[in-house]
Structure formats: C-alpha cells, structure tokens
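Architecture and fold: a report
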Amino acid sequence: MLHPNMLSSWLLRSASKLTFPTRAYSNVATASSAKLQELALEEKCILVNDRDQYTGSASKRDCHRVDPEGNIRLHRAFSVFLFNSAGDMLLQRRSVHKITFPDCYTNACCSHPLYDIEGEREELNALGIRRAAQRRLNYELGIPMAQARPENFHYVTRIHYADRGDGTWGEHEIDYILFLQKDVELKPNDSEVSEVRYIPRKRLNDTIANLDAPLTPWFRLILQHRLPLWWDNLHRLDSYENHKRIERF
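The paragraphs below set out a description of the structure included in this document. Predicted, not measured: the structure shown is a model, and the values here were computed from it.

1. Notes on unusual backbone geometry
Although it is not a glycine, Asp-103 sits at a positive phi angle of roughly 55°. Examined against the element boundaries, Asp-103 turns out to sit in the loop between β6 (89–94) and β7 (105–106). The backbone phi angle of Ala-126 is positive, close to 55°, even though this residue is not glycine. Structurally, the position occupied by Ala-126 is in the loop between β8 (109–111) and α3 (127–141).

Given below as structure tokens:
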C-alpha cells in the first residue's frame, strides 16, 4: 500500500470540528495527488454476485468503469460512519483529485477490501472488511491503527446500490456499513480528503442543506433511508443489525 507524505497541515478550530483552510494547490501537490489516484486504480477489488458471494477479482479501474451498455462490475466495499464521544458525526469532503465522485461530501471513509491483501478476503464476521476499514482510516484520515482496531467497528448491515456517476466512472457495490464511536486523532491526507468536520445530530438537516458540493450517491441513500434512525440509536445498534439480508433501496 502507498503511504505518501501528508502534503499540508490542518487547522483545529474547536474540539468538535476540523476544517481544511481554503487554499490553492501547488503544481507539485496537484501532480502528486493525481499520480497517487492513478496508481490506486491498479489495486484489485473483490468481485461478488448479488448475494455477496466471491466470484473473482478485478482492478479498481475495471470495477468503476461504466461499459458501453451502462453496466459496472459488482464488488465489495465499505462505508465507515465515525462519531466522537459526544455523538457528533464526521463529515468528509473528497479531494478534487478522486477518480470517482470528486469534490463530494460523504461519510468518514468509503473504500474497498483488497483482493491482494489476504487478511482482507476473510469473510467470517466481516473481519476482512474491518481490517480494510482500519487500513483506510489510517491512510485517508491519519487515524492511528491502534485507535481503530477491527474489533472496534460495529458491523450493521450491507447495502447493494449502483450509480453511473458521470457516465465514465461509477459505482456498483455491496457496501458494508460500519459504525465507530471513538475519539480519534486526525491528520487527513489531502490527496484523498479536502475537508473534515464533525456535525451534531440536531444540525444534520441544516448542515446538509447548506453544503456547497453534492453528496456521494451511497451517502445520500443511507442518509435518506437509515442514517437518522441509526444515529438516534448509537448505543443500541445491536437492535438494528442485519447480517443475513442485503438491503436494496
């Protein structure tokens, strides 16, 4: 896995909110970020059928390309929803350099278990997914590995969704929904993330309504169908677990 140097420092504005200062990217930073995104397209995702059964592997590039008929290969993914001890949720704005859905707001971390990392192919108790989430939280947000161990994630359910994006790059995923409530250290990687902020539950609707960029399709679906209910029940998520049926909205 790539571990690039973080390209800028971050400004802490309050105990519950981080924002990324407005600034222009240098040519060096832009070229470096774009190159990292291109290299990431060669990582191999785990292909599955609509029952989440393994069918093979393919590059991230091949998994996100929309073919001439409008189809996208179905693969495994995960979405982490991160809350601090006060119950505020971390909102991320994706880098403008992201290949899929650049400069969109989304949940704390959205990515894939990788086929070439053996431990991330482990299916029992979604252990491979949890390991992948730990890796990506470290890479994207700089969260120390010890602060987001696989056993710390609460696996809630799986969601099957598809979105053709811009017609060239899109998504078609079995998305594992993971919740993590913990105070963590953040040092975001600006080749992946352009802004992070914590928002309280009572300000969810106002915050979303006043964002100056769109939401990712998976975050929009989860927000519309499940997130408020789950957020209101952070301390009893066991009651909302669904590990047998894949949800489709």
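2. Focus on the pattern of salt bridges
Across all of its chains, the model carries 17 salt bridges by this definition. Where Arg-76 meets Asp-52, a salt bridge forms, and the shortest distance between an N and an O atom there is 2.8 Å. One end of the pair, Arg-76, is in strand β5 (residues 75–83); the other, Asp-52, is in the loop between β3 (44–48) and β4 (54–59), with 24 residues separating them in the sequence. On the accessibility criterion, Asp-52 (7% relative accessible area) is buried. Close ionic contact of Arg-136 with Glu-192 constitutes a salt bridge, the shortest N to O distance being 3.2 Å. Pair noted here: Arg-136 is in helix α3 and Glu-192 is in the loop between β10 (171–181) and β11 (193–199), with a separation of 56 residues, a long-range link. Classification of Glu-192 by relative accessible area gives buried; the value is 3%. Beyond isolated ion pairs, a larger network of salt bridges with shared partners links Arg-93, Asp-103, Glu-195, Arg-197 and Asp-212.

Thresholds, definitions, all that
- Residues numbered from 1 in each chain as written.
- Predicted model: local features only at pLDDT ≥ 70, side-chain atom pairs only at ≥ 80, totals over all residues.
- Heavy atoms only, no water.
- Helix = DSSP H or I, 4+ residues; strand = E, 2+ residues; numbered from the N terminus.
- Salt bridge = Lys/Arg side-chain N within 4 Å of Asp/Glu carboxyl O.
- Buried < 20%, exposed > 50% of the residue type's maximum accessible area, 1.4 Å probe, protein only.

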